[in-house]
Amino acid sequence: MFEELKVLELASVLAGPSVGQFFAELGATVIKVENSQTGGDVTRSWKGADEQTDDRSAYFCSVNWGKKSIALDLTSVEGKRIVQQLAAKSDIIIVSYKPGDAEKLGVAYQQLRINNEQLIYGQITGYGSNDPRVGYDAVIQAESGFMFMNGEPDGASLKLPVALIDILAGHQLKEALLLALLKRERTGEGSLVEVSLIQTAIASLANQATNFLVAGKIPQKQGSIHPNIAPYGEVFKTKDEKELLLAVGNDKQFRDLCKVLGKSQLAGDTLYKTNYVRVLNRILLGEELSVLISQQSSVTLLPQLQHLKIPAGLIHDISQALSTPQAAPLILSSNGLKGVSTFVGNFSGVDNKQTAMRLSAPPHLGEHTDEILKFID
C-alpha cells in the first residue's frame, strides 16, 4: 500500500518507533537513524533479568520490524549532512526529541523543509513543544489520572503493565500523519504535526473524564469493575478453578445469564432488575453470582454464554493469548525472532498479511549503514 513511501525515523523507545513499524508493515521503506555514540535506541539495552539476547532486546523487537538501521553521530558535521540528505529524499520524518534538541541537531522541521517543501514531519513530545519536561509513560500515567483510578479500593495506585500512553500516542500520530498525507495529495503541501503524551492521555480518559465533567464524580479505584455497568469487569472462579470475567452490558444479557446459571428469578429481583439498581447493589449481586458460577465448569459454562451472546471470557496469560486463532495472523517471524504486528486493519484487495510476512527482523545497530550511504551518494 505504501511501497513508494520513504520514512525517516529519528525516534526511540516506543511511541515513535511504533509509527515507523506501522508504515513498514504497509510496505514503506523505513530508515531508523540511531546514535552511534550511545549504543543506539535505548531500548536495545532494556532487558529482563534473565534475558539472553544480542543488541536486539525483546523490548526493542516490539516495534522495530521491517526497518533499516543507520548509526550516526548527529553532533558531527558529517552526521548532520547525512541526515539532511536523507530528509531531502523522505516523505515522512518521525521524531521524539525533547523540545529544543531537534534545533540543536539541525533536524527540526523548519531546518529540513528548506530542501523538501512537501516534507511531512511528525513529532512526539511529552508535554508539547513549549514545555521542556521529559515525558515518560509512567509519569504521564501518574499525572493524567490513570494511576489514581487503577488498583483495588483502598489499595496502592498502580501503573498499567503496558506503556499504554506511548502506544496510544503512536496511534494519534499515525492518524495525524495519514491526514497530512491526504492533505499533501490534495494540495501538494507538507505539514508539521505534533502529538504530546499528556494530551493523548487526557483524550483517552473517555467516560472516566465525563464521569467527572458531566456527573461531577471523581473516579476512584474499583479494581476491574466498571463504574457505570454491572456485572461488568467482575471476575468469578468456576468449579474447575478458572477465572471468568463477565461484561454484561444490558438487561437482556443479564436475564440470559441468570437463565444459563439456573436461576432466572434473579433477573426479576427488584435489586437487580435494571442496570441502575445492579450498579447500586453490585456487591450483593457479586456474592450471588459467585456461588452460582462456582458450581459450573468453564468447559460447559463458557460455550453456553457465548451461544447466547453474553460477553464473557476466561482470563489468559500472555502465552495463552498469543496461542489463540485471532493472534496467529499478527505474529511476525524472521531469522529466529518473533514479534507482533502493530496494524490489524484489513482492506479488500490488499493482502496485509503477505506484506507483514516479508518484513525483515529488527535490525542490529547500524546494520544497514553502508547500504544507506550508497543510496544517498
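Throughout, residues of each chain are indexed from 1 in the direction in which the sequence is written. Per-residue local features are limited, in this predicted model, to residues with pLDDT of at least 70; the limit for side-chain atom pairs, both in listing and counting, is 80 or more; totals at the level of whole chains, interfaces and linings are taken over all residues. The side-chain values count all of the structure's non-hydrogen atoms but skip hydrogen atoms and water molecules.

1. Brief notes about the overall build of the protein chain
And step 1. Secondary structure elements follow DSSP: runs of H or I no shorter than four residues count as helices, runs of E no shorter than two count as strands, and numbering proceeds from the N terminus. The helix and strand inventory of the protein chain stands at 16 helices and 11 strands.
And step 2. Here the C-alpha coordinates of the protein chain stretch approximately 80 × 45 × 45 Å along the principal axes.
And step 3. The buried share of the protein chain, reckoned over its 377 residues, is 43%.
And step 4. Summarising the internal contacts of the protein chain: among those between residues at least 6 apart in sequence, 68% fall at separations of at least 24.
And step 5. With an accessible surface of roughly 19600 Å², the protein chain has 55% of that area assigned to carbon and sulfur atoms. The rule is simple: take the accessible area with a 1.4 Å probe, protein chains only, and divide by the maximum for that residue type; under 20% is buried, over 50% is exposed, in between is partly exposed. Any two residues whose heavy atoms approach within 4.5 Å are treated as being in contact. Surface accessibility follows the Shrake-Rupley procedure with a 1.4 Å probe radius. Residue values consider only the protein chains on display as shielding.

2. Focus: unusual backbone geometry
And step 1. Across the junction of A230 and P231, the peptide omega takes the value -5 degrees, indicating a cis bond.
And step 2. With respect to the helices and strands, the residue P231 is situated in the loop between α9 (206–213) and β7 (232–237).
And step 3. With a phi angle near 65 degrees, D154 is a residue other than glycine that sits in the positive phi range.
And step 4. Looking at where D154 falls in the secondary structure, it is placed in the loop between α6 (146–149) and α7 (164–187).
And step 5. With phi around 50 degrees, N335 is a residue other than glycine that occupies positive phi space.
And step 6. On the secondary structure map, N335 appears in the loop between β10 (331–334) and β11 (337–340).

3. A short note on the sheet that holds β7
Strands in a sheet are paired, the pairing made by backbone hydrogen bonds, and the direction either parallel or antiparallel.
And step 1. One open sheet accounts for 3 strands, arranged β7-β8-β9; its pairing is antiparallel. Both outer strands of the open sheet, β7 and β9 (312–314), are each paired with one neighbouring strand and no more. The sheet shows a mean angle of 25 degrees between the axes of neighbouring strands, taken without regard to direction.
And step 2. Strands pair, by our definition, only if DSSP identifies at least two bridges between them. Looking at chain direction, β7 and strand β8 (residues 243–247) are connected through 4 bridges and run antiparallel. Residue pairing across strands places F236 opposite L244, the latter belonging to β8. In this description, a line fitted to the C-alpha atoms serves as the axis of each element, helices being fitted only across the stretch in contact, and the angle between N-to-C directions of two axes falls anywhere from 0 to 180 degrees.

4. A short note on the packing of helix α2 (residues 77–88) against helix α16 (residues 369–376)
And step 1. Axis separation between α2 and α16 bottoms out at 10 Å; the angle between their running directions is 65 degrees. Once α2 is placed against α16, the crossing between them reads as left-handed. Every residue of α16 that contacts α2 at I82, Q85 and L86 is listed here: I372, L373, F375 and I376.
And step 2. In terms of residue class, the contact of α2 with α16 is built from 6 nonpolar, 1 polar and no charged. Left-handed describes a crossing whose near helix is turned anticlockwise from the far helix through less than a right angle; right-handed describes the clockwise counterpart. Amino acids outside the nonpolar list (Ala, Val, Leu, Ile, Met, Phe, Trp, Tyr, Cys, Pro) and the charged list (Asp, Glu, Lys, Arg) are all regarded as polar, and Gly is one of them.

5. Topic: the packing of aromatic side chains
And step 1. Centres within 6.5 Å are what make two rings of Phe, Tyr or Trp a pair, Trp counting through its six-membered ring; a difference in plane orientation under 30 degrees is then read as stacked, over 60 as edge-to-face, and the rest as tilted. Using the criterion set out here, one finds 5 aromatic pairs in the structure.
And step 2. Aromatic side chains F2 and F23 sit 5.6 Å apart centroid to centroid with 50 degrees between the ring planes, which places their arrangement in the tilted category. Residue F2 is found in the segment before β1 (6–10), and its partner F23 is found in helix α1 (residues 15–25); the two are separated by 21 residues along the sequence.
And step 3. F2 sits in the buried class, given a relative accessible area of 17%.
And step 4. By relative accessible area, which is 0% here, F23 ends up buried.
And step 5. Summarising the aromatic geometry, the rings of Y109 and Y121 are spaced 5.7 Å apart at their centres and angled 55 degrees between planes, so their arrangement reads as tilted. Here Y109 is found in helix α4 (residues 109–112), whereas its partner Y121 is found in strand β5 (residues 120–125), with 12 residues between them in sequence. Accessibility classification places Y109 together with Y121 in one group, the buried group.
And step 6. Looking at R44, its charged tip hangs above the ring of F60, at a distance of 4.0 Å from the centre.
And step 7. Between R278 and the ring centre of F254, over which it is positioned, the NZ or CZ distance is 4.5 Å. Put simply, a charge is over a ring when the Lys NZ or the Arg CZ is close to the ring centre, within 6 Å, and near the line of the ring normal, within 35 degrees.

6. Observations regarding helix α13 (residues 298–307)
And step 1. Buried within α13 we find S298, L301, L302 and L305. Across the axial projection of α13, the buried residues extend over an arc of 95 degrees, all falling on one side. Facing away from the buried side of α13 by more than 90 degrees, the exposed set consists of V299 and H307.
And step 2. In this fold, the buried residues of α13 make contact with β8, α10 (251–260), α12 (282–293) and β9.
And step 3. Looking one or two residues past α13, K309 carries a phi angle of roughly 60 degrees, positive in sign. The arc in question is traced by the directions running from the helix axis to the C-beta atoms.

7. Remarks on the environment of T38
And step 1. Tracing the chain through its elements places T38 in the loop between β2 (29–35) and β3 (67–72).
And step 2. Here the alpha-carbon distance between T38 and E143, two residues 105 residues apart in the chain, equals 30 Å.

8. A few points about the domain arrangement of the protein chain
And step 1. For each domain, the first and last residues come from an automatic or database assignment. Taken domain by domain, the protein chain comprises domain 1 (6–205 + 327–376) and domain 2 (232–315).
And step 2. Between the C-alpha centres of domain 1 and domain 2 the distance comes to 42 Å.

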